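# Results of the structural survey
Here's the letter readout for the chains.
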Amino acid sequence: MGSITFIEHNGTQHAVDLEPGKSLMQIALDNGIPGIDADCGGVCACGTCHVIVEGACAKIIGGATDDELQMLDLTPERTDTSRLACQIIASDAMDGMVARLPEFQM
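None of the values given here were measured: they were computed from a predicted structure.

## Looking at the overall build of the protein
- Secondary structure summary: the protein contains three helices and five strands in total.
- Ordered by position from N to C terminus, the α and β elements of the protein give β-β-α-β-α-α-β-β.
- Computed over its C-alpha atoms, the radius of gyration of the protein comes to 12 Å, within 12% of the 13 Å expected for a compact globule of 106 residues.
- C-alpha extents for the protein along the principal axes are approximately 35 × 25 × 25 Å.
- Here the protein, with 106 residues, has 43% of them falling under the buried criterion.
- Across the protein, the fraction of contacts at a sequence separation of at least 24, relative to all contacts at a separation of at least 6, is 63%.
- For the protein, the distance from the average position of its 5 positive side-chain charges to the average position of its 16 negative side-chain charges is 6 Å.

## Describing the pattern of salt bridges
- Applying the stated rule across the entire model yields five salt bridges.
- The salt bridge involving Lys22 is made with Asp30; its shortest N-O contact spans 2.5 Å.
- According to the relative accessible area criterion, Lys22 is partly exposed, its value standing at 28%.
- When the shortest N-O distance is used, the salt bridge between Arg83 and Glu68 registers 2.7 Å.

## A closer look at a nonpolar patch on the surface
- Residues Leu74, Phe104 and Met106 make up a contiguous nonpolar surface patch of roughly 320 Å² in combined accessible area.
- Among the secondary structure elements, Phe104 is positioned in the segment after β5 (97-100).
- Overall, Phe104 belongs to the exposed group, its relative accessible area being 52%.

## Re the sheet that holds strand β2 (residues 13-17)
- Strand order in the open sheet formed by five strands is β2-β1-β5-β3-β4, and the pairing between neighbours is mixed. Strands at the two margins of the open sheet, each flanked by one partner only, are β2 and β4 (82-84). Each neighbouring strand pair of the sheet contributes to a mean axis angle of 35°, computed without reference to strand direction.
- Note that strand β3 (residues 50-53) and β4 share three bridges and pair antiparallel. Bridge assignment links Ile52 to a residue of β4, and that residue is Ser82.

## Topic: the environment of Thr81
- The residue Thr81 is located in the loop between α3 (66-72) and β4 in this model.
- As for Thr81 and Gly35, which are separated by 46 residues in sequence, their C-alpha atoms are 18 Å apart.
- When near neighbours in sequence (up to four residues on either side) are disregarded, Thr81 contacts Val51, Ile52, Val53 and Ala58.
- Polar contacts involving the side chain of Thr81 include one to the main-chain carbonyl oxygen of Val53, which spans 2.8 Å.

## Quick word on the pairing of β5
- The pairing of strand β1 (residues 3-7) with β5 spans four bridges and is parallel. Within β5, the position partnered with Ile7 by the bridge is Arg100.
- The pairing of β3 with β5 spans two bridges and is classified as antiparallel. Residue pairing in the sheet places Val53 in a bridge with Ala99 of β5.

The rules behind each value
- Residues numbered from 1 in each chain as written.
- Predicted model: local features only at pLDDT ≥ 70, side-chain atom pairs only at ≥ 80, totals over all residues.
- Heavy atoms only, no water.
- Helix = DSSP H or I, 4+ residues; strand = E, 2+ residues; numbered from the N terminus.
- Rg over C-alpha atoms; globule rule 2.2 N^0.38 Å.
- Buried < 20%, exposed > 50% of the residue type's maximum accessible area, 1.4 Å probe, protein only.
- Contact = heavy atoms within 4.5 Å.
- Lys, Arg positive; Asp, Glu negative; His and termini not counted.
- Charge placed at Lys NZ, Arg CZ, Asp CG, Glu CD.
- Salt bridge = Lys/Arg side-chain N within 4 Å of Asp/Glu carboxyl O.
- Patch = residues over 30% accessible without salt bridge, like charges linked within 9 Å, V, L, I, M, F, W, Y side chains within 5 Å.
- Areas by Shrake-Rupley, 256 points an atom, 1.4 Å probe, with all protein chains shown as cover.
- Pairing = 2+ DSSP bridges.
- Axes fitted to C-alpha atoms, helices over the stretch in contact; angles between N-to-C directions.
- Polar contact = N/O pair within 3.5 Å; in protein donor to acceptor, adjacent residues only side chain to side chain.

This is the structure we're talking about:
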């Protein structure tokens, strides 16, 4: 089994098991990752699971949908590799992924 590392805004790292088929948001919630609020429960309606994907995994997971981009437009910390964790379904190809958390969730 692979792993994903979530990095809090303050630099604290949390390496967790990669669970193919689950959303990154659900993996974060299941592992008690601070900074993933998931207020809407994962239906791309709030933007409180914003992550910034690093490295090659940004290309592996592909681009955001129009709905996701609308939610991300609400955050001042948006980057070119910003995504909503609820919209990223984990796969074995994502082993070693690093997802940084912004200082604030919108």
